[in-house]
2 protein chains.
Amino acid sequence: MTDRGPRNTEIVLTLPPWLRALALQERRVFQSAEFRMRFAIELARQNVEQHTGGPFGAAVFEADSGRLVSVGVNLVEASNCSMAHAEMIAIALAQQAVGYYDLGAAGVYELATSTEPCAMCLGAIPWSGVRRVVCAAHGKDAAAIGFDEGAKPADWTGELQKRGIEVVRDVLGDEARAVLQQYAKSGGLIYNPGRGS
Amino acid sequence: MTDRGPRNTEIVLTLPPWLRALALQERRVFQSAEFRMRFAIELARQNVEQHTGGPFGAAVFEADSGRLVSVGVNLVEASNCSMAHAEMIAIALAQQAVGYYDLGAAGVYELATSTEPCAMCLGAIPWSGVRRVVCAAHGKDAAAIGFDEGAKPADWTGELQKRGIEVVRDVLGDEARAVLQQYAKSGGLIYNPGRGS
C-alpha cells in the first residue's frame, strides 16, 4: 500500500525508425489486393528482421485508388503496450491521417493484414470504419506458433459482413505463413501474457 | 490517385486536462470492488459532464492493495481514434506505469469498467495480463442507447475465466446505467461508424 497516485497520463506509440522512413518515402500506388498484401507481408518480414517486434504487418489503403494511407507493425514489446498490434497501429494512423475516428465517414478504406485479426483487432474493425479487410495467414497459423488469438465468434467473417465490411481471406497466405515460421525458428518472443503460472 | 505517402508515424492519446489533474492528485486507496467501481463510474460521469467523450470510465488497481494504477475514459471523439475506449486507455497507461506490456508478469491487477467490455476491449483483456475484471452496466445497456458493442462470444466470461481471468459483474450496475442514460438524454454522440449508408 502506498499513497502514490497514477502518473501516466499520455500514451505514445511511435513507429520504429526503419518504418517511419519507409512510410514517409513510399510513393507507390497499390492497385490490386495482391500488391497491397505483398506490402503488408513485407512490413511483417522487416519487423522480424529489424528486431522491432512480432511477425505481423498491416496497412490501410484507399480502396479505389490504391493510395497507401497508413502502415502498422506489431509494436507490443517495443512500446510496452499490448494493444499495439499491427492492425491497431495502421487503423489509428489512418484515422489520424483523415482527421476523424470513423474512416467510413471519410471514404472507402481497406485494411490489409498479414495474419487474420486476433479477437481484439477483430473487435476494433467495426469501430474503425474500414469497409474491406484482406487477410493472408489464418488465425490458426498464428496459433500454431504459440500466439493465443483469443475467442473469436465462429462466424467472424459473417459478423463483419453483417456490419457492411467485406472480408477477403488467404491472399498470399503462404508468404505470410513463411514470415510466421521464420519468426518462430529464429526464437522470436511469443508474448502471451503471464497469468501467474 | 496521388503520390502522397503516409505522413503519420506516431499515435498520441492524451487524457483531458480534468482527468490528468484528477489522476495526478488522487491518493486514495480503494479497498473494495464497490469503491473501485464507484471511482470508475465517477470518471464516466465526469467525462459526460465535461464533454470530453462517451459515457464510459475505467481504472486499473493493484488487486491486493487497492492502489490506483491508471485511469481511462472514452476519448474516441477527442482523439480521433476509435480504439480510445476507457478500458484500452486504462490498460495502456497501466502498462506504461509498470513499464511492461504484460501486467500479469508484474503483479496482480484488476480492471474496473463502468460498462462491460465491447468486443474489442474484451479481446484486449487477455493480452493485457489483468487478472480480474469488474463490470457495472451490462453490454446490453450500452446497446440500449445505440452503441454496437460488436460480436462477443456467447460465454465471454467463460472465455476470460479459461484464461485465468476472474470476472465480477453487475457491481453498482444501476449507477453506471444512470450515466449511460444521462448521456443519451443529453444528446451525446452515439458514434457507431459510418458504413456508407
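Coordinates for the structure precede this section.
Note that the structure is a prediction, hence the values are computed from the model and not measured.

## What about the interface of chain A and chain B?
Much of the literature gives interface size as the accessible area that the parts lose upon coming together.
And step 1. The interface is formed by 72 residues belonging to chain A together with 72 residues belonging to chain B.
And step 2. A combined buried area of about 6,700 Å² lies between chain A and chain B, and 59% of that area is made up of carbon and sulfur atoms.
And step 3. Of all residues in chain A, the largest losses of buried area upon contact with chain B belong to Pro6, Tyr101 and Trp127 of chain A, amounting jointly to 14% of the total for that side.
And step 4. At the boundary of chain A with chain B, the tally comes to 18 residue pairs in polar contact (both at pLDDT 80 or more).
And step 5. Where the side of chain A that touches chain B is concerned, the elements lending two or more residues are β1 (10-14), α1 (17-25), β3 (68-73), α3 (76-79), α4 (86-98) and α6 (119-128) of chain A.
And step 6. A total of eight residues in the side of chain A that touches chain B trace back to one element, the largest contributor, which is α4 of chain A.
And step 7. Within the side of chain A that touches chain B, the residues separate by chemical class into 34 nonpolar, 22 polar and 16 charged.

## A short note on the environment of Val130 of chain A
All names here are of chain A.
And step 1. Residue position: Val130 is located in the loop between α6 and β5 (132-137).
And step 2. Relative accessible area serves as the criterion here: at 1%, Val130 is assigned to the buried category.
And step 3. Once residues lying within four places of it in the same chain are set aside, the contact partners of Val130 are Leu103, Tyr109, Leu111, Ile125 and Ile165.

## Describing the nonpolar core
And step 1. Counting 136 residues, the largest nonpolar core has Met37, Leu111 and Met120 of chain A together with Met37, Leu111 and Met120 of chain B as its most contacted members.
And step 2. Discounting chain neighbours no more than four positions away, the residues touching Leu111 of chain A are Ala58, Ala59, Val60, Glu87, Ala90, Ile91, Ile125, Val130, Arg132, Val133 and Val134 of chain A.

## A word on the packing of aromatic side chains
All names here are of chain A.
And step 1. Counting across every chain of the model gives 11 aromatic pairs over all chains.
And step 2. Both rings, one in Tyr100 and one in Tyr101, keep their centres 4.5 Å apart while their planes meet at 35°; by these two values the pair is tilted.
And step 3. Classification of Tyr100 as partly exposed rests on a relative accessible area of 35%.
And step 4. Overall, the relative accessible area of 5% leaves Tyr101 in the buried class.
And step 5. Taken together, the ring pairs connect Phe30, Phe39 and Phe61 into an aromatic cluster.
And step 6. The ring of Trp156 has Lys152 sitting right over it, with the charged end atom 4.8 Å from the ring centre.

## A few points about the environment of Glu159 of chain B
And step 1. Along the chain, Glu159 of chain B turns up in helix α8 (residues 156-162).
And step 2. As for Glu159 of chain B and Gly72 of chain B, which are separated by 87 residues in sequence, their C-alpha atoms are 24 Å apart.
And step 3. The residues contacting Glu159 of chain B, other than those within four sequence positions of it, are Ala151 of chain A together with Pro153 of chain B.
And step 4. Polar side-chain contacts of Glu159 of chain B include one of 3.2 Å to the side chain of Lys162 of chain B.

## A closer look at the relation of the copies chain A and chain B
And step 1. Superposing chain A onto chain B takes a rotation of 180° combined with a translation of 0.0 Å along the rotation axis, leaving an RMSD of 0.0 Å. Taken together, the rotation angle and the small translation identify this as a two-fold axis.
And step 2. When the interface residues of chain A are mapped onto chain B, 100% of them again lie at the interface, so the same face is used by both copies.

## So, the sheet that holds β3 of chain A
Residues and elements named next belong to chain A.
And step 1. On the basis of which strands lie adjacent, the open sheet formed by five strands has the order β3-β2-β4-β5-β6 and mixed pairing. At either end of the open sheet lies a strand with only one pairing partner, and these are β3 and β6 (166-168). The sheet shows a mean angle of 15° between the axes of neighbouring strands, direction not considered.
And step 2. Sheet topology places strand β2 (residues 57-62) next to β3; five bridges connect them, and they run antiparallel.

Conventions and cut-offs
Residues numbered from 1 in each chain as written. Chains lettered and ligands numbered in written order. Predicted model: local features only at pLDDT ≥ 70, side-chain atom pairs only at ≥ 80, totals over all residues. Heavy atoms only, no water. Contact = heavy atoms within 4.5 Å. Buried area = accessible area lost by both parts, 1.4 Å probe. Polar contact = N/O pair within 3.5 Å; in protein donor to acceptor, adjacent residues only side chain to side chain. Helix = DSSP H or I, 4+ residues; strand = E, 2+ residues; numbered from the N terminus. Nonpolar A, V, L, I, M, F, W, Y, C, P; charged D, E, K, R; others polar. Buried < 20%, exposed > 50% of the residue type's maximum accessible area, 1.4 Å probe, protein only. Core = buried A, V, L, I, M, F, W, Y, C linked by side-chain atoms within 4.5 Å. Phe/Tyr/Trp six-rings, centres within 6.5 Å; stacked < 30°, edge-to-face > 60°. Lys NZ or Arg CZ within 6 Å of the ring centre and 35° of its normal. Least-squares fit on C-alpha atoms with pLDDT ≥ 70 in both. Pairing = 2+ DSSP bridges. Axes fitted to C-alpha atoms, helices over the stretch in contact; angles between N-to-C directions.

These figures come from the coordinates and say nothing about function on their own.
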